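# Understanding the architecture of this molecule
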Amino acid sequence: MKILFYELNEVPWRLVDHYIKQHPKSNLADLLNHSLQLTTVTKDSGELHPWSTWPTVHRGVYNDTHDIRFLNQEIKTSYLPYWRILAQENINVGVFGSLQSWPIPKDENYAFYVPDTFAPDSQTYPKYLSLFQAFNLAQTARDGGSTPKKVPLSLNLLKDLVELTARGITFRSLMTVGNQLLREKLNPLVKARRSIFQSPLAFDFFYQLIQRTRPHFATFFSNHAAGMMHRYWKYTFPEDFGYTLKGKEDELKRDHLTQAMNITDYQIGKLKKFADDYGYVLMIGSSMGQEAIDRGDYVGELRLEEFDKFYKTLGYKKPIKNNLAMQPDFAFSFNKKEDLKDFKACVSELKTVDKKSLFTLKESGLTLNCNLQSSPELVLSGVVMYEGKRIPFRDLGIIIEVRDQGTAYHCPEGIWIVYSKGLKKDQSRTRVESIKVAPTILKMFGIKSPDYMIPAEKTVVDRVRG
């Protein structure tokens, strides 16, 4: 058995069907004509986030059990992701970008291992990929899940790009990125799709790795469509809002999501051919999906931008590390529990004028996740209360950011596509719990699932085995 798992973050069936309707001769349309199609449903508790729902898929238990709740928290759970179970059974495994995959496991053999784009360091296996990972992490830090910043041109940047090209980035991807940067100069609105171009660069390395190592199981995670859905769902599905597209700017915003799905389609085409040539099963899945959301009037949102100002105003002077996270989350780590306790006490004192907490807090080991709460009333007030005093946003290093308003958000239903050469099409899209993915993959390799997992999805196992 050989499996490739393309982790297509947050994509629902509605977007897949829309894209195929618009592109009936696409690679995705062709793939679905020979695929088993299922609908995953997550029952994770609380607000759904990919950094929690993907560990649910990987571990075969929900978040109330694995307790992975935010990026860069200390993960001490005994529930292993399926790639570690496979590796411990001497299955040749490759991991590329799967969420919460840092750090690289010790004493386990992998064909390759590149942690996610929020990892606290750039360690990879093989080591030569660390340059790409450092570049990737820097771009994540620069964007922060928000408005892309200007990329400063420097000799070091040019040197890195030359070296990355020599190590695996294709001329096609360079031309794609170059075209994006040129279009940004001609029309600044195009900058909104900057984040989708991390995926083609990462995929170049992944594809090179699977060609060279031919692992029995490999994952590739891509987040490039999720951000475009959050911001531009309204322009792809205006009927959800009783809206009619108006002019070229709206058409451009609709095209953001189309361009993201074009990247998906190209990558799926490459993986399908690889699967056909070398006898792989290709799985495409999302740990949840997105659907329309009406957020009401939009006046902007808060963003913590200058951390030195933030610490100074709070009077916090002890060691602290600001790890990568996704706006509006901020992830801090500490050397000692006492330091975390002191910082948490300071942050807990930040209130809105009507005495609501400015942050919701989650703690794990020596890490603290701070989720910045924003509302039209708070944004318009311009101030935060701290120890009984009114503090302007600027004194806390907080800015008001105005960008395209979110028009889609997370929903429990995702996709699970299973393809292999010669497989008969099945469009039933039966609803299955997302925790069935892990035991199903293990069973396909003939490995007994841990007792805490529910049984494998029999339809997938039987159909693939023929």
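Along every chain, residues carry numbers that run from 1 in the direction the sequence is written. With the structure being a predicted model, the display of local features is reserved for residues of pLDDT at least 70 and the display and counting of side-chain atom pairs for 80 or more, all residues being used for whole-chain, interface and lining totals. Based on all heavy atoms of the structure, the side-chain values leave hydrogens and waters out of the count.

### A word on the side chain of Ser-101
Secondary structure elements follow DSSP: runs of H or I of four or more residues count as helices, runs of E of two or more count as strands, with numbering from the N terminus. Locating Ser-101 in the fold gives a position in the loop between β3 (93-96) and β4 (112-114). Throughout this description, a polar contact denotes any pair of N or O atoms lying within 3.5 Å of each other; where both atoms belong to protein, one of them has to be capable of donating a hydrogen while the other can accept it, and for residues adjacent in sequence the pair is counted only when both atoms sit in side chains. A polar atom in the side chain of Ser-101 sits 2.5 Å from the backbone oxygen of Ser-98. For Ser-101, the side chain forms a polar contact with the main-chain nitrogen of Asp-116, separated by 3.3 Å. Here, two residues are considered to be in contact whenever any of their heavy atoms come within 4.5 Å of each other. Beyond its immediate stretch of four places on either side in the chain, Ser-101 contacts Trp-83, Val-95, Tyr-113, Val-114, Pro-115 and Asp-116.

### Observations concerning the confidence of the model for the chain
In the predicted model, the chain carries a mean pLDDT of 92, and the fraction of residues at 70 or more is 95%. What pLDDT reports is the predictor's confidence in each residue, on a scale of 0 through 100. For residues 145-155, every residue scores under 50 in pLDDT, and the model assigns this stretch 26 contacts once sequence neighbours within four places are set aside.

### Section: the sheet that holds strand β9 (residues 321-323)
Two strands are counted as paired when DSSP detects at least two bridges linking them. Pairing in this open sheet of 4 strands is antiparallel, and the strands run β9-β10-β13-β12 from one edge to the other. Strand pairing shows two members of the sheet lacking a second neighbour, β9 and β12 (359-364), which therefore form its edges. Adjacent strand axes in the sheet meet at a mean angle of 25 degrees when their direction is disregarded. Sheet topology places strand β10 (residues 329-333) next to strand β13 (residues 367-372); 5 bridges connect them, and they run antiparallel. Residue pairing for β13: Phe-332 is matched across the bridge by Leu-368. Only the stretch in contact is used when fitting a helix axis, every axis being a line fitted to C-alpha atoms; angles between N-to-C directions are given from 0 to 180 degrees. Helix-sheet contacts for helix α12 (residues 307-314) involve β9, β10 and β12, and the interaxial angle to β10 is about 70 degrees. Against the sheet, helix α13 (residues 337-348) touches β10, β12 and β13, its axis set at about 170 degrees to β12.

### Points about the nonpolar core
Among buried residues, the Ala, Val, Leu, Ile, Met, Phe, Trp, Tyr and Cys ones that are joined through side-chain atoms within 4.5 Å form a nonpolar core. Per-residue accessibility, obtained with a 1.4 Å probe over protein chains only, is compared with the maximum for each type, and a residue is labelled buried under 20%, exposed over 50%, and partly exposed between these values. Grouped together as the largest cluster of nonpolar side chains are 56 residues, with contacts concentrated most on Phe-96, Phe-206, Ile-210, Leu-271 and Ile-284. Aside from chain neighbours lying at most four places away, what touches Leu-271 is Leu-4, Tyr-6, Phe-203, Phe-206, Tyr-207, Ile-210 and Leu-282. In this structure, Trp-54, Leu-71, Ala-87 and Val-281 belong to the second largest nonpolar core, which totals 45 residues.

### Description of the pairing of strand β18 (residues 413-419)
Counting buried residues in β18 gives 6 out of 7 residues, a clear majority hidden from the surface. As defined by bridge partners, strand β2 (residues 35-41) adjoins β18 across 7 bridges and the pair is classed as antiparallel. Residue pairing for β18: Ser-35 is matched across the bridge by Tyr-419. The sheet contact formed by strand β6 (residues 281-285) and β18 spans 4 bridges and is antiparallel.

### Description of the packing of aromatic side chains
The criterion for an aromatic pair is that two Phe, Tyr or Trp rings (for Trp, the six-membered ring) have centres within 6.5 Å, with stacked assigned to planes under 30 degrees apart, edge-to-face to planes over 60 apart and tilted to the rest. Applying the stated criterion across every chain, the model contains 35 aromatic pairs. Taking 6.3 Å as the distance between ring centres and 80 degrees as the angle between the ring planes, the aromatic pair formed by Phe-217 and Phe-445 counts as edge-to-face. Placement of Phe-217 in strand β5 (residues 217-222) and of Phe-445 in the loop between α15 (437-444) and α16 (458-465) is noted, with a sequence separation of 228 residues between them. Assessed through its relative accessible area of 15%, Phe-445 is described here as buried.

### Quick notes on the sheet that holds strand β11 (residues 350-351)
Taken in spatial order, the 3 strands make up an open sheet running β11-β14-β15, and their pairing is antiparallel. Looking at the sheet topology across the chains shown, the edges are occupied by β11 and β15 (389-392).

### Thoughts on empty space enclosed by the protein
Here a cavity denotes a set of grid points, spaced 1 Å apart and computed over the protein atoms alone, in which a 1.4 Å probe fits but from which it cannot get out, and a pocket denotes an open set meeting protein on both sides within 12 Å along at least five of seven lines; residues with an atom within 4 Å of a point are reported as lining. Grid points are joined across faces, edges and corners, and a volume is the space filled by probe spheres set on the points. Scanning all chains against the criterion turns up 1 cavity of 30 Å³ or more. In terms of lining, the largest cavity is formed by Phe-5, Thr-40, Trp-54, Val-57, Gly-285, Ser-286, Ile-415, Trp-416 and Val-437. When contributions to the lining of the largest cavity are tallied by element, the ones reaching two or more residues are α3 (50-59) and β18. Grouping the amino acids of the lining of the largest cavity by side-chain chemistry returns 6 nonpolar, 3 polar and no charged. Just so you know the grouping, Ala, Val, Leu, Ile, Met, Phe, Trp, Tyr, Cys and Pro go in nonpolar, Asp, Glu, Lys and Arg go in charged, and all remaining residues, Gly too, go in polar.

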